[in-house]
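# Report on the structure
Okay, here's what each chain looks like letter by letter:
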Amino acid sequence: MNTPASTWPRCDLSLTWTALRGHFEAHGRDLDLREAFARDPARFDTFALQAPEVFADLSKNRWDLATRKLLLELARECGIEARRDGLLRGDPINHTEGRAVLHTALRAPKGETPPFDPVILADVHAVLDPLLAWVETQRARAARGEITDVVNIGIGGSDLGPQMVVPALDAYAQRGLKLHFVSNVDGHDIVPVLRQLDAHRTLFIVASKTFTTQETMANAQLARAWFLQHYGAGAEAAIADHFAATTTNVAAAARFGISTTFGFWDWVGGRYSLWSAIGLPIALAIGADNFRALLAGAHAMDRHFAEAPLEGNLPVQLGLLDVWYRNFHHAASRSIAPYHQGLRRLPAYLQQLEMESNGKSVDLDGEPLPFDTCPVVWGEAGTNGQHAYFQMLHQGTDAIPVEFIAVRQTHYGPEEHSAELRAALADQHHKLLANCLAQSQALMLGKTAAEAATEKAPTAAPDLPATTVARHRSFPGNRPSTTLVLDELSPRSLGALIALYEHRVFVSGALWRINSYDQWGVELGKALCNQLLPRFANGDTAGLDASTAGLLKRLGVVTGR
Ligand code: F6P
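## A look at the site of the ligand
Taken together, 14 residues form the shell around the ligand, and within it Gly157, Ser158, Ser208, Thr210 and Thr213 come nearest. Within the contact set of the ligand, an oxygen atom lies 2.7 Å away from a backbone nitrogen or oxygen of Lys209. Within the side chain of Glu356, an N or O atom sits 2.7 Å from an oxygen atom of the ligand. Its free accessible area being 390 Å², the ligand has 87% of it covered by the protein chains. Here the shell around the ligand is built from residues that sort into two nonpolar, nine polar and three charged.

## Some details on helix H13 (residues 288-307)
If you check H13, its first and last C-alpha atoms are 28 Å apart, about what 20 residues at 1.5 Å a residue would give, namely 28 Å. Taken residue by residue, H13 has Ala288, Phe291, Leu294, Leu295, Gly297, Ala298, His299, Ala300, Met301, Asp302, His304 and Phe305 as its buried positions.

## A closer look at the packing of aromatic side chains
Counted under the stated rule, the structure contains 20 aromatic pairs. Aromatic pair Phe204 and Trp226: ring centres 6.0 Å apart, planes at 75°, arrangement edge-to-face. One end of the pair, Phe204, is in strand S5 (residues 202-207); the other, Trp226, is in helix H9 (residues 214-231), and 22 residues separate them in sequence. Summarising the aromatic geometry, the rings of Tyr339 and Phe404 are spaced 6.0 Å apart at their centres and angled 45° between planes, so their arrangement reads as tilted. With Tyr339 in strand S8 (residues 333-339) and Phe404 in strand S10 (residues 402-407), this pair connects stretches of sequence that are 65 residues apart. A relative accessible area of 0% places Phe404 in the buried class. Over the ring of Trp275 we find Arg107; its NZ or CZ atom is 4.6 Å from the centre of that ring.

## A look at the nonpolar core
In terms of nonpolar packing, the biggest core is built from 116 residues, with Trp267, Leu494 and Leu497 touching the most fellow members. At 12 residues, the largest contribution of residues to this core is made by helix H20 (residues 491-511). In this structure, Leu197, Tyr231, Ala238 and Phe256 belong to the second largest nonpolar core, which totals 26 residues.

## Here we look at the sheet that holds strand S11 (residues 481-486)
On the basis of which strands lie adjacent, the open sheet formed by six strands has the order S1-S2-S11-S10-S8-S9 and mixed pairing. Of all strands in the sheet, those with a lone pairing partner are strand S1 (48-51) and strand S9 (376-379), marking the two edges. Strand-to-strand twist in this sheet, taken as the mean axis angle between neighbours without regard to direction, amounts to 20°. Two elements, S8 and S10, share five bridges in a ladder whose sense is parallel. Its bridge partner lying in S10, Pro338 is registered against Ile405. Helix-sheet contacts for helix H15 (residues 346-358) involve S8, S9 and S10, and the interaxial angle to S9 is about 175°.

## A word on the sheet that holds strand S7 (residues 260-263)
If you trace the five strands from one edge of the open sheet to the other, you get S4-S3-S5-S6-S7, paired in parallel fashion. Two strands bound the open sheet, and with one partner strand each, they are strand S4 (178-182) and S7. Here the strands of the sheet are splayed against their neighbours by 20° on average, with no regard to which way each runs. In this sheet, strand S6 (residues 243-247) lies alongside S5 in parallel orientation, the contact comprising four bridges. Bridged to Phe204 within S6 is Phe243. Helix-sheet contacts for helix H10 (residues 235-242) involve S5, S6 and S7, and the interaxial angle to S6 is about 50°.

The rules we used
Residues numbered from 1 in each chain as written. Predicted model: local features only at pLDDT ≥ 70, side-chain atom pairs only at ≥ 80, totals over all residues. Heavy atoms only, no water. Near = heavy atom within 4 Å. Polar contact = N/O pair within 3.5 Å; in protein donor to acceptor, adjacent residues only side chain to side chain. Areas by Shrake-Rupley, 256 points an atom, 1.4 Å probe, with all protein chains shown as cover. Nonpolar A, V, L, I, M, F, W, Y, C, P; charged D, E, K, R; others polar. Helix = DSSP H or I, 4+ residues; strand = E, 2+ residues; numbered from the N terminus. Expected span 1.5 Å × (residues − 1). Buried < 20%, exposed > 50% of the residue type's maximum accessible area, 1.4 Å probe, protein only. Phe/Tyr/Trp six-rings, centres within 6.5 Å; stacked < 30°, edge-to-face > 60°. Lys NZ or Arg CZ within 6 Å of the ring centre and 35° of its normal. Core = buried A, V, L, I, M, F, W, Y, C linked by side-chain atoms within 4.5 Å. Pairing = 2+ DSSP bridges. Axes fitted to C-alpha atoms, helices over the stretch in contact; angles between N-to-C directions. Contact = heavy atoms within 4.5 Å.

Treat this as a map of the structure, not an account of what it does.
Next up, the structure:
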């Protein structure tokens with residue numbers, strides 16, 4: 001059954017929301033994690049959740065059983081199950097663009113009866129199978145040394161997913177094939193990449209859902225010009241072998257002169273598109289079987305989201321915690337700390353996924369929302385973040401929920417190193433994991449000034465009173481965190497992890513009653529940019545506000561040196 005968007009209830013007007021507000025005032029605001037653990041030795045187990053490939057420790061969050069019960073009631077009262085079913089069935093829930101939101105169809109296997117139109121499933125596999133067959137021919141070319149470099153030209157959702165996944169799955173990547181990502185409309189992005197390339201051994205992928213995005217089109221034209229200049233005789237004809245496109249706008253790719261094009265559909269949102277043809281660079285790096293494993297991991301999470309009761313449903317619980325922190329604790333941001341260098345681009349990927357999806361301030365009917373929505377999502381791989389901004393997480397004035405991601409097994413070691421090196425790498429991995437656990441422990445435990453006063457502080461200034469030093473060295477503690485654990489970072493587990501985040505964004509967006517699948521907020525800047533562009537050539541500042549006019553004059557027309 002298709003339910004019109006505007007019939008969904010306003011969560012903040014529900015009885016449970018009022019009950020949650022009362023619960024927050026009475027118990028939630030002052031819940032002390034240290035006391036909660038002391039009271040309940042089983043707290044870890046109570047708040048542990050195992051989803052496909054992802055284990056979650058939710059026990060260091062500032063909630064208790066009563067909070068969780070109320071949040072689950074809120075989800076039910078706001079129809080989260082029916083709304084989830086509508087998403088998975090392909091209802092046009094992106095109602096401002098009149099589109100379904102069916103990234104889950106991209107990872108649905110053949111042979112299963114899908115909850116959505118089976119024609120869509122046939123269409124998906126009619127692109128996926130030839131795409132992966134083509135991938136294998138290119139990897140064979142790479143194995144023969146005919147292709148050494150792949151350059152993905154795309155931005156936003158046509159860049160961030162592959163750019164995140166490729167290094168994450170480096171252990172699965174074909175050696176001798178180097179992947180590059182060019183996104184910015186800035187010569188400082190593309191030129192250092194082009195400098196490394198041999199035109200005869202390079203494959204360019206122009207990735208753009210619309211095939212109209214300014215940055216991507218400019219970079220694609222530049223790459224084409226570079227290719228024609230550097231290839232030598234027969235360059236025009238060679239474009240067919242050295243350029244491919246991934247887009248919903250196949251006609252525009254053909255006009256650009258690209259004959260190898262893999263299509264997808266308007267019901268795939270840009271930030272949900274790495275499972276579609278946009279994942280081509282991923283498939284080139286890790287091969288067809290591993291790409292299918294990535295899809296299978298995501299599909300396993302889709303089924304968990306669709307079938308697990310809310311009490312054991314990880315995306316639902318994470319989405320509910322997001323609402324709890326944003327609307328009750330008023331946390332304005334959430335920090336992502338993946339303790340795996342391969343996941344270093346995950347925070348940037350999640351920034352688009354979450355902030356482009358839920359960074360909205362009107363509801364489904366366009367009415368202004370009377371509460372806060374998407375927090376700022378930010379972060380950095382651990383342990384690097386510890387040496388940059390963790391100071392603020394521990395002693396700053398804001399209690400920022402942190403999400404740690406830990407991976408049990410490391411991939412580097414077995415065959416390529418000596419026993420001594422393997423031991424050193426294993427030791428490094430223990431150090432990494434110990435750091436990860438220590439940070440969530442420190443955030444929770446903190447340290448009182450009285451405790452700090454009992455410790456030696458050799459680097460403290462000798463003339464400062466001991467009590468002052470102790471106050472500087474104290475930590476408030478009681479700072480919340482979630483730890484997600486993967487057994488290993490594999491195509492399957494990464495697929496599940498990404499799908500977990502996608503569904504969690506759906507849950508919080510649904511509770512906030514916003515359309516998580518449009519992005520009108522990027523339009524104004526694009527339009528104004530197009531209006532400003534000619535002014536850089538003609539210097540005309542007429543009609544501009546004084547600041548923009550002043551800055552335009554100050555910048556002038558800058559030509560390359
Ligand atoms: O920045 C807005 C946006 O439309 C994103 O949603 C999208 O991922 C990106 O631009 C790239 O768009 P395209 O794939 O059409 O080039």
